[in-house]
Amino acid sequence: MIELRTPAEIEAMRPAGRFVAEVLATLRDETKVGTNLLSLDRRAHELIRRAGAVSCYIDYHPSFGASPFGKVLCTSINDAVLHGLPFDYALRDGDLVSLDFAASVDGWVADSALSFVVGTPRDEDLALIDTTERALDAAIAAAVVGNRIGDISHSIAQVAHGAGYEINTDFGGHGVGRVMHGDPHVPNDGKAGRGYPLRAGLVVALEPWFLATTDELVTDPDGWTLRSVDGSRGSHSEHTVAITDAGPIVLTDRSFLGVD
Ligand code: MG
């Protein structure tokens, strides 16, 4: 069921969005060559406790998960791209890091992800990251009243295909509200002008993610981490966006912190 939020409810979601933005900006800033993924998760947990927020991940146990996630942060490294379960690993020079974080504040959820390289970047990794960021910008620009879900999907796909990447539509954007995952599903590819009409009050997480040379994923033995079937690297960019009569509001925007 698709739920629409009142303007007052969208205002009430802003603290969650700001908190998630701050945590991701902080973690990115603190992540260096040598940083251990378990210490990143512990740091995120500390920030959650300090803010009185609630993790959306730690008890998360969907039908496809082997057991509850047990951590508060997804850390997907190099050829891992989604749902990366933090493990005992110290980041190496040139690693491509994707962090995905969702938490609720005052009973409202925000969900966001970013990708970056620690140490010396490869040009192809920077191009991949740039493409998911541009696809997210295009998705946000299409998240306006009068458009349909397909317009968002199509705008993401155009950016991906323009850069030569394939798209996997098994995992994509979703409604966000009192819980992390709601209707509608927002695929990362689709037909313009099709699907659910975008109405004021719809709040969705938009999340383009691409792999460099494949659209096929495999699941790690941990039951969670999704990585490319061919070892090529992945990137993931996500924001929680409220569609309003005045245009899209990016609730997890980090620009108020002076960072992108
Ligand atoms: Mg997310």
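Just above sits the structure.
Nothing here was measured: the structure is a model prediction, and the numbers come from that model.

Moving on: the pairing of strand β5 (residues 108-117). Summarising burial for β5: 10 of the 10 residues are buried, a large majority. Burial of the side chains of β5 extends over both faces: W108, A110, S112, L114 and F116 are buried on one face and V109, D111, A113, S115 and V117 on the other. Between strand β4 (residues 96-105) and β5, which pair antiparallel one after the other, the connecting turn spans two residues, and D106 there sits at a positive phi close to 55°.

Attention now goes to the pairing of β4. With 10 of its 10 residues buried, β4 lies for the most part within the structure. On β4, burial covers both faces: L96, S98, D100, A102 and S104 on one face and V97, L99, F101, A103 and V105 on the other are all buried. Two strands pair when backbone bridges link them, and strand β1 (residues 54-55) and β4 are joined in this way by two bridges, in the antiparallel orientation. Bridged to S55 within β4 is A103. Relative to β4, strand β2 (residues 74-77) runs antiparallel, the two sharing four bridges. By the bridge assignment for β4, I77 is matched with V97.

The next point concerns the coordination of the magnesium ion. Looking at the metal site, the magnesium ion is ligated by D100 (OD), D111 (OD) and E238 (OE), spaced 2.0 to 2.1 Å from it. When the donor residues of the magnesium ion are listed from N- to C-terminus, their spacing reads D-x10-D-x126-E. On the criterion of sequence distance, the pair formed by D100 in strand β4 and E238 in the loop between β12 (234-236) and β13 (239-244) is long-range, its members being 138 residues apart.

This part takes up the packing of helix α1 (residues 7-30) against helix α2 (residues 37-51). The geometry of a pair of packed helices is captured by two quantities: the angle between their axes and the separation between those axes. Contact geometry of α1 with α2 gives a least axis separation of 11 Å together with a crossing angle of 145°. As for the relative orientation of α1 and α2, their crossing is right-handed in sense. Taken together, the residues of α2 that come into contact with α1 (itself represented by F19, V23, T26, L27 and E30) are L40, R43, A44, L47, I48 and A51. In terms of residue class, the contact of α1 with α2 is made up of eight nonpolar, one polar and two charged.

Attention shifts here to empty space enclosed by the protein. Counted under the stated rule, the structure contains one cavity of 30 Å³ or more. Quantified by volume, the largest cavity comes out at close to 30 Å³. Around the largest cavity sit C74, S76, V81, L82, H83, S98, L99, D100, A113 and H236, which together line it. At the level of elements, β2, β3 (80-82) and β4 are the ones that each hand at least two residues to the lining of the largest cavity. Sort the elements by how many residues they give to the lining of the largest cavity and β4 lands first, with three residues. The class makeup of the residues in the lining of the largest cavity is five nonpolar, four polar and one charged.

Glancing now at unusual backbone geometry. As a rule of thumb, non-glycine residues mostly have phi less than zero, and peptide bonds are mostly trans rather than cis. Here D183 and P184 are connected by a cis peptide whose omega angle stands at 0°. Turning to its location among the elements, P184 is positioned in strand β7 (residues 182-186). The residue D106 is not glycine, and still its phi comes out positive at about 55°. Checked against the element boundaries, D106 lands in the loop between β4 and β5. A relative accessible area of 59% means that D106 is categorised as exposed.

For the structure shown, the criterion picks out zero disulfides. The cysteine C56 is free of any disulfide, with C74 supplying the nearest cysteine sulfur at 11 Å.

Taken together, three strands build an open sheet; the order of strands is β3-β11-β10 and the sheet is antiparallel. The sheet is open, and its two edges are formed by β3 and β10 (217-219), each paired on a single side. When the angles between neighbouring strand axes are averaged without regard to direction, this sheet yields 45°.

How each quantity is defined
- Residues numbered from 1 in each chain as written.
- Predicted model: local features only at pLDDT ≥ 70, side-chain atom pairs only at ≥ 80, totals over all residues.
- Heavy atoms only, no water.
- Buried < 20%, exposed > 50% of the residue type's maximum accessible area, 1.4 Å probe, protein only.
- Helix = DSSP H or I, 4+ residues; strand = E, 2+ residues; numbered from the N terminus.
- Pairing = 2+ DSSP bridges.
- Donors = N, O, S within 2.8 Å, 3.2 Å for Na, K, Ca; no water.
- Axes fitted to C-alpha atoms, helices over the stretch in contact; angles between N-to-C directions.
- Left-handed = near helix turned anticlockwise from the far one by under 90°.
- Contact = heavy atoms within 4.5 Å.
- Nonpolar A, V, L, I, M, F, W, Y, C, P; charged D, E, K, R; others polar.
- 1 Å grid on protein atoms, 1.4 Å probe; cavity = no way out; pocket = protein on both sides within 12 Å on 5 of 7 lines; lining within 4 Å.
- Points joined across faces, edges and corners; volume = space filled by probe spheres on them.
- Disulfide = S-S within 2.5 Å.

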